[in-house]
Amino acid sequence: MKRIGVDVGGTFTDLIYVDDQKGTVLVHKTPSTPADPSIATVDGIRTLCEMAKIKPSELDQVFHGTTVATNIVIEHNGANVGMITTKGYRDIIHIARHKKPMNFSLWQNLPWQAYPIARRRNRLTVNERILADGSVQIPLDEREVRAQVRKLKKANVDSVAVCLLFSFKNPKHEKMVAKIVREEFPQAYLSVSSEVIPQYREYERFSTVALNAFVGPKVSAYVKRFDSELRKMGVKTGIHLMTSAAGVATPEAASDKPVNLLMSGPIAGVVGGIWAGAIAGEPNVITLDVGGTSADIGLAQSGKLRMKHLLDTKVGPYQAMIPMVDVDTIGAGGGSIAYIDSGGIFRVGPRSAGAMPGPAAYGQGGTEPTATDAIVALGWLRPELFLGGKKDLRVDLAKKAIDTKIAKPLKLSTQEAALGIYKVLVHSMVDAIEQSSVRKGFDPREFALIAEGGGGPLFSSAIAPEVGVKHVLVPNYPGITAALGLLTTDMVYEYTQTSYVMCSALSASAKERAALEKQFAVLEAQALKQFAKDKIDSKRVKIEWIVDARYEGQGYELRVDAKKGKVTEAWIRSVKEAFHDIHEREFSRRFEEADVQFANIRVRAIGQMPGLKPKTIKKGTATPPKGALKLTADAWFEKNGKPAKFTTRFYERTELLAGNRIAGPAIITQFDSTSVVPPGYSAEVDRHGNLIIKYSAAVAKAAQSGH
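Calculation rules
Residues numbered from 1 in each chain as written. Predicted model: local features only at pLDDT ≥ 70, side-chain atom pairs only at ≥ 80, totals over all residues. Heavy atoms only, no water. Helix = DSSP H or I, 4+ residues; strand = E, 2+ residues; numbered from the N terminus. Rg over C-alpha atoms; globule rule 2.2 N^0.38 Å. Buried < 20%, exposed > 50% of the residue type's maximum accessible area, 1.4 Å probe, protein only. Phe/Tyr/Trp six-rings, centres within 6.5 Å; stacked < 30°, edge-to-face > 60°. Lys NZ or Arg CZ within 6 Å of the ring centre and 35° of its normal. Pairing = 2+ DSSP bridges. Contact = heavy atoms within 4.5 Å. Axes fitted to C-alpha atoms, helices over the stretch in contact; angles between N-to-C directions. Salt bridge = Lys/Arg side-chain N within 4 Å of Asp/Glu carboxyl O. Parallel < 35°, antiparallel > 145°, perpendicular 65-115°, else oblique. Left-handed = near helix turned anticlockwise from the far one by under 90°. Nonpolar A, V, L, I, M, F, W, Y, C, P; charged D, E, K, R; others polar. Polar contact = N/O pair within 3.5 Å; in protein donor to acceptor, adjacent residues only side chain to side chain. Core = buried A, V, L, I, M, F, W, Y, C linked by side-chain atoms within 4.5 Å.

Visitor: Please set out the overall build of the chain residue by residue, giving values where relevant.
Guide: Helices and strands together make up the secondary structure of the chain, namely 19 helices and 33 strands. By the compact-globule yardstick of 27 Å for 707 residues, the chain fits well, its C-alpha radius of gyration being 27 Å. Across its three principal directions, the C-alpha atoms of the chain cover 80 × 60 × 55 Å. The buried share of the chain, taken over its 707 residues, is 56%.

Visitor: Lay out the packing of aromatic side chains with the relevant residues and their values.
Guide: The relation between two aromatic rings is expressed through the spacing of the ring centres and the mutual angle of the planes. Enumeration according to the criterion identifies 19 aromatic pairs in this entry. Both rings, one in W380 and one in F637, keep their centres 5.3 Å apart while their planes meet at 25°; by these two values the pair is stacked. Of this pair, W380 sits in the loop between helix 11 (371-377) and helix 12 (395-410) while F637 sits in strand 27 (residues 629-639), and the two are 257 residues apart along the sequence. Classification of W380 as buried rests on a relative accessible area of 3%. Looking at F637, the relative accessible area reads 3%, which means it is buried. Every member of this aromatic cluster is reached through a ring pair, and the members are W380, Y422, F459, F637 and F646. The aromatic ring of F650 is capped on one face by R382, whose charged end is 5.7 Å from the ring centroid.

Visitor: So what about the sheet that holds strand 1 (residues 2-8)? Which residues, and what values?
Guide: The mixed open sheet is built from six strands, whose spatial order is 3-2-1-4-11-12. At either margin of the open sheet sits one strand with a lone partner, and together these are strand 3 (24-31) and strand 12 (248-249). Where strand 1 meets strand 4 (residues 61-65), five bridges bridge the pair, whose relative direction is parallel. If you follow R3 over to strand 4, its bridge partner there is Q61. Seen against the sheet, helix 10 (residues 264-279) touches strand 1, strand 4 and strand 11 (240-242) and runs at an angle of roughly 85° to strand 11.

Visitor: Lay out the sheet that holds strand 25 (residues 558-562) in plain terms, naming residues and giving numbers.
Guide: Read across the open sheet, the four strands follow the order 23-26-24-25; overall the sheet is antiparallel. Bordering the open sheet on either side are strand 23 (491-502) and strand 25, each of which pairs with just one other strand. Taking each pair of neighbouring strands and ignoring which way they run, the sheet shows an average axis angle of 25°. Relative to strand 26 (residues 596-607), strand 23 runs antiparallel, the two sharing ten bridges. Residue pairing for strand 26: V492 is matched across the bridge by I606. Across the sheet, helix 17 (residues 510-533) is in contact with strand 23, strand 24 (541-551) and strand 26; its angle to strand 23 comes to roughly 160°. Here helix 18 (residues 569-587) sits on the sheet in contact with strand 24, strand 25 and strand 26, set at roughly 145° to strand 25.

Visitor: I'd like a rundown of helix 14 (residues 456-467), residues and numbers included.
Guide: Counting buried positions along helix 14 yields nine of twelve residues, so the element is predominantly enclosed. Looking only at helix 14, the buried set comprises G456, P457, L458, F459, S460, S461, I463, A464 and V467. A positive backbone phi angle near 95° is found at G468, which sits one or two residues after helix 14.

Visitor: Break down the environment of I286 for me, citing the residues and quoting the values.
Guide: Within the secondary structure layout, I286 lies in strand 13 (residues 285-290). In the structure, I286 is positioned 110 residues away from M176 in sequence and 48 Å away in space, judged by C-alpha atoms. Setting aside anything within four residues of it in sequence, one finds I286 in contact with I297, G298, L299, I433, S437, F447, A448, L449, I450 and V469.

Visitor: I'd like to hear about the pattern of salt bridges, residue by residue, with values.
Guide: Side chains carrying opposite charge are able to pair once their charged atoms draw close together. A complete count under the given rule lists 41 salt bridges for this structure. Three or more residues are tied together by salt bridges with common partners; here these are R146, R150, K179, E183 and E184.

Visitor: Describe the pairing of strand 5 (residues 81-86), listing the residues and the values that go with them.
Guide: For strand 5, the buried fraction is high: six of the six residues fall into the buried class. Bridge analysis of strand 5 against strand 9 (residues 159-163) gives five bridges, and the strand direction is parallel. Residue pairing in the sheet places I84 in a bridge with V162 of strand 9. Note: strand 5 against strand 6 (residues 123-126), four bridges, orientation parallel. Its bridge partner lying in strand 6, T85 is registered against T125.

Visitor: Run through the packing of helix 13 (residues 414-436) against helix 14, naming residues and quoting values.
Guide: In contact at an axis separation of 9 Å, helix 13 and helix 14 are set at 55° when each is read in the N-to-C sense. Here helix 13 lies oblique to helix 14, going by the angle between them. In this structure, helix 13 crosses over helix 14, and the sense of that crossing is right-handed. Of the residues in helix 14, those in contact with Y422, L425, V426, M429, V430, I433 and E434 of helix 13 are L458, F459, A462, I463, E466 and V467. The residue inventory of the contact of helix 13 with helix 14, partitioned by class, reads eleven nonpolar, no polar and two charged.

Visitor: Account for unusual backbone geometry, naming residues and giving values.
Guide: Note that the residue after G349, namely P350, is joined by a cis bond; omega there is 0°. Position of P350 among the secondary structure elements: in strand 20 (residues 346-352). A cis amide bond links G664 to the next residue, P665, at an omega of 5°. Among the structural elements, P665 can be located in the loop between strand 29 (661-663) and strand 30 (666-669). Of note, the phi angle at N156 is positive, near 60°, even though the residue is not glycine. Within the fold, N156 resides in the loop between helix 5 (142-154) and strand 9. You can call N156 exposed: its relative accessible area is 57%. Positive phi, close to 90°, is recorded for R201, a residue that is not glycine. By the secondary structure assignment, R201 is in the loop between helix 7 (193-196) and helix 8 (202-233).

Visitor: Give me the pairing of strand 1: which residues, what numbers.
Guide: Burial analysis of strand 1 places seven of its seven residues in the buried class, the great majority of the element. Residues K2, I4, V6 and V8 line one face of strand 1 and the alternating positions R3, G5 and D7 line the opposite face, and both faces are buried. Note that strand 1 and strand 2 (residues 12-19) share seven bridges and pair antiparallel. Opposite K2, over in strand 2, you have D19 as the bridge partner.

Visitor: I'd like a rundown of the side chain of N212, residues and numbers included.
Guide: Assignment of secondary structure puts N212 in helix 8. Of note is the side chain of N212, whose polar atom sits 3.1 Å from the side chain of S191. Here the side chain of N212 touches V259 through a polar contact of 3.0 Å, landing on its backbone nitrogen. The residues contacting N212, other than those within four sequence positions of it, are Y189, S191, V196, D256, K257, P258 and V259.

Visitor: Could you give an account of the nonpolar core, naming the residues involved and the relevant values?
Guide: If you look at the biggest cluster of nonpolar residues, it comprises 129 residues, and the most contacted ones within it are I45, L59, L262, L516, V547, W571 and F598. Per element, the largest residue contribution to this core is 14 residues, and it comes from helix 8. Setting aside chain neighbours within four positions, we find V547 in contact with F520, L558, R559, V560, W571, V575, F598, N600 and I601. Counting residues in hydrophobic clusters, the runner-up holds 71 residues, among them I375, F459, V469 and V677.

Next up, the structure:
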């Protein structure tokens, strides 16, 4: 099969082409086009096809990870949303959970109120009521609904969110409202809670459905436009888009529920890191994906993705109660701008130079110093080797920006200021990794750090000893790992239904057990129907059962895997035991005498896609081939807390062989990234071409002292 993976970042769009039959792997990076991400994406696909000497029509699959939905939310430039809800509940998304970002401040803006997803004048109500048991107390008046829909049409809203009380128990009224909206206002984008997220919790459900309506028109237009451009190029397969749950969806599914794409971009990096770790024999990985704008941190134990709790799945200030892989993002990347704030404090990020003008060293008009400029000033990135020598790198402009904005005001040398910029970002990344690991009960000493993105291999060696990981693993194509991750994932959908059933009730009643089995069966049928629509053979579909469980009286749940099959007493016991174990892992407590409630049930449906086979490289000796050493030059590294000049060897990674060992200080360059091996560190190439970078406290100490 001939496949392409495309990951759109804030600064660069990364692409990878794989031909499974020939074993060909090609990578490409091109500047992103934020105004219309599809421009860079389509151009990149054309370029890769030319590099592979194939026609676009020969492609079998195109996978895409996108930040379009995320950027719409963060930049507050989504649709003009109208809402129809139950009388008395129009202000749910304004009130939220009564939580403030800063608990003790009397003066603060609440972002979900300062930037409402749906303005109050466009949140209209209808006099209807469904009770908690699903029974109808007040019937829906269709004439009132039509009048309210006409008001929204007159107000020129772009989309309509339908959120009625207890619709997850009985969707009858929402279906009637949706039918009327389609009749009266067919051009509006429609988002219905019983279709998007049939779960309890009023605010989270309302917010998620409104977010779906907020991003829907632009995302669906982008997806359709991109798909259309591929069709014009002759690509017959269409696109598959990465979802927040680490699966992929078709353009039609993504357009129906674009809220599921809100964390599409960062997730692919974690998936790619898991694959890279697996082929290197490292099932426990912490992924560090450093791009131009941000750094994404993920963790996987035993090769399994961790999912966020549904009350923690936020995008910006807004609640998005969707299945989402546990990834933390911080504003620390190659384009992060260094500055001195009004109080005289030296800071780096989260503001980024982005794709335009980019770092000063790019010569595109940027004048503010960035992390990339600091690394250029330290001599780690060299013009003749950067991006294969295809991009001009202005060392003079990088140093000028650092001198003007940082070094002179703080009375530092250029190298001291540059090293300071680098160390500030390292500290930010170390703190974020500790929050994702130590503070969640994981011991970093049991994990390998997977360095990804264009910047990950530049920072990982300095981060590793601070965090305490086993070693650093730099994949074959670190700058394209997220795009590669798209080719290693499956098509995944997750369907949810609120159940509200106690384990004691299940044990006591065969009728309750049968009802739960029926609920699972309904969700399975929805999944199979979607895969049939996606033209995925049912033989390739794997069904998993999940329950959101909690102790009686608790206000939060934990995801628990459940065996698919008959709901028997043994099944109930196994799920309860698994819940006790997970609860103890998360909170150091288990209460086996307490009754357990299943708040929600889930069906995770996996359409298995062809995997990506690892390749082996030619074996060599411990000494790298002479041709791999491209030059020897001075570079600056930290010694006794200050920058010091070291004679440094620069190697071309593609010419290294399995078994080669390189002692620091050394820089290993390749088209999509640059790996740093500081003094006291060493790098070894494994049989798959991965770089294993290790450090020794004794060796590092000797290097720092100059011995």
